Structures are given as structure tokens and as C-alpha cells.
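Structural overview for review
Here's the letter readout for the chains.
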Amino acid sequence: MPERFDVYRFEVAREGAAPEIRYSLAPMKGVRYAGRGEPLGAEPQDNGPDETEQHEPAGTVEAPDGTTPASLDPPILDIPGHGRVDLHAVIGATEGSADDLGHLLRWRPRR
């Protein structure tokens, strides 16, 4: 039986910038900036107004047995014997491709 991982979608809102759509394997609501880097000009101790909305289910990824999360945000899975794959390419959230390992995963978007 394959492993199944829920993928969640959320939006990061920063003052003066367009909202940014993000994906995660974690269903929790962010309380500040939730991302893979800091906003341009951010200060490490900044208590700015960057916020995220509640994560909503985007779909499910089916993966080979033994697959484990390597990172929640960005969503990366570690496939035994094959390595890591960034789910952004698999779910079509980026322009990248998942040619090397994407064939091992099945994306089932939530309707």
C-alpha cells in the first residue's frame, strides 16, 4: 500500500506586496511569516505584520512505501532508494519538473 501525504495550501500576506501562495505538509495556521526565506529587508527580530491564512487542504500525494517527509515547508519527500523530491514540481505549483522522481508519486488534487 502506498504512503499518503496531505498537502496544504496557504497564502502569505506582506504589507506592500502581492499575496504569495505557498504549500506545506503541515495543516497548522501560521502566526507570522511562514516561508523558505525572509521577506526582502526583513530584520531577524522584526515583529512585522506578515501573516498567513489558515492552511486549507489542496490534495494528497501517494508515494512508495517507506517514504517520509524531509521538509514540511517547502514540502519535500524522501523516497527510499531514490532520494528527495520537492512536491512543488509534482503538484504543478512551480515551473520546475519532477522528471527524475515524479513518476514515483501520484498527485490527487482536492476538488
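Residues numbered from 1 in each chain as written. Predicted model: local features only at pLDDT ≥ 70, side-chain atom pairs only at ≥ 80, totals over all residues. Heavy atoms only, no water.

A word on the overall build of the chain
Operational definition: Only runs of H or I of at least four residues qualify as helices and only runs of E of at least two qualify as strands under DSSP, and these elements are numbered from the N terminus. To sort residues, take the accessible area from a 1.4 Å probe on protein chains only and compare it with the maximum for the residue type: under 20% means buried, over 50% means exposed, and anything in between is partly exposed. Two residues qualify as a contact provided that any one of their heavy atoms is within 4.5 Å of a heavy atom in the partner residue. Here the Shrake-Rupley method, with its probe set to 1.4 Å, supplies the accessible areas, and only the displayed protein chains count as covering residues.
Each helix and strand counted, the chain has 1 helix and 8 strands in total. The buried share of the chain, reckoned over its 111 residues, is 35%. Sequence separation of 24 or more characterises 54% of the internal contacts of the chain that already satisfy a separation of 6 or more. When the accessible surface of the chain is split by element, carbon and sulfur atoms take 47% of a total near 7000 Å².

Some thoughts on the confidence of the model for the chain
The cut-off we apply is this: Along the chain, pLDDT gives the predictor's confidence residue by residue, from 0 to 100.
Looking at the chain as a whole, its pLDDT mean stands at 78, while 70% of the residues score no less than 70. Below pLDDT 50 for its whole length, residues 30–36 participates in 29 contacts with residues either more than four positions away or in separate chains.

Digging into the sheet that holds strand 7 (residues 83–86)
Basically, it comes down to this: The rule for pairing is simple: two strands pair if DSSP sees at least two bridges between them. Comment: axis = line fitted to C-alpha atoms, over the contacting stretch for helices; angle = value between 0 and 180 degrees taken between N-to-C directions.
One open sheet accounts for 3 strands, arranged 5-6-7; its pairing is antiparallel. Each edge of the open sheet carries a strand with a single partner, namely strand 5 (68–71) and strand 7. Ignoring strand direction, the axes of neighbouring strands in this sheet form an average angle of 40 degrees. As paired strands, strand 6 (residues 76–79) and strand 7 are joined by 4 bridges and run antiparallel to one another. Counterpart to Asp78 in the pairing with strand 7 is Arg84.

Side note on the nonpolar core
Here is the rule we go by: Buried Ala, Val, Leu, Ile, Met, Phe, Trp, Tyr and Cys residues that are joined via side-chain atoms within 4.5 Å together make up what is termed a nonpolar core.
By size, the foremost hydrophobic cluster in this structure holds 15 residues, and its most contacted members are Val7, Leu25, Val61, Leu77, Val85, Leu87 and Leu105. Once residues within four sequence positions are removed from consideration, Leu105 is found in contact with Val61, Glu62, Ala63, Pro64, Leu77, Ile79, Val85, Leu87 and Val90.

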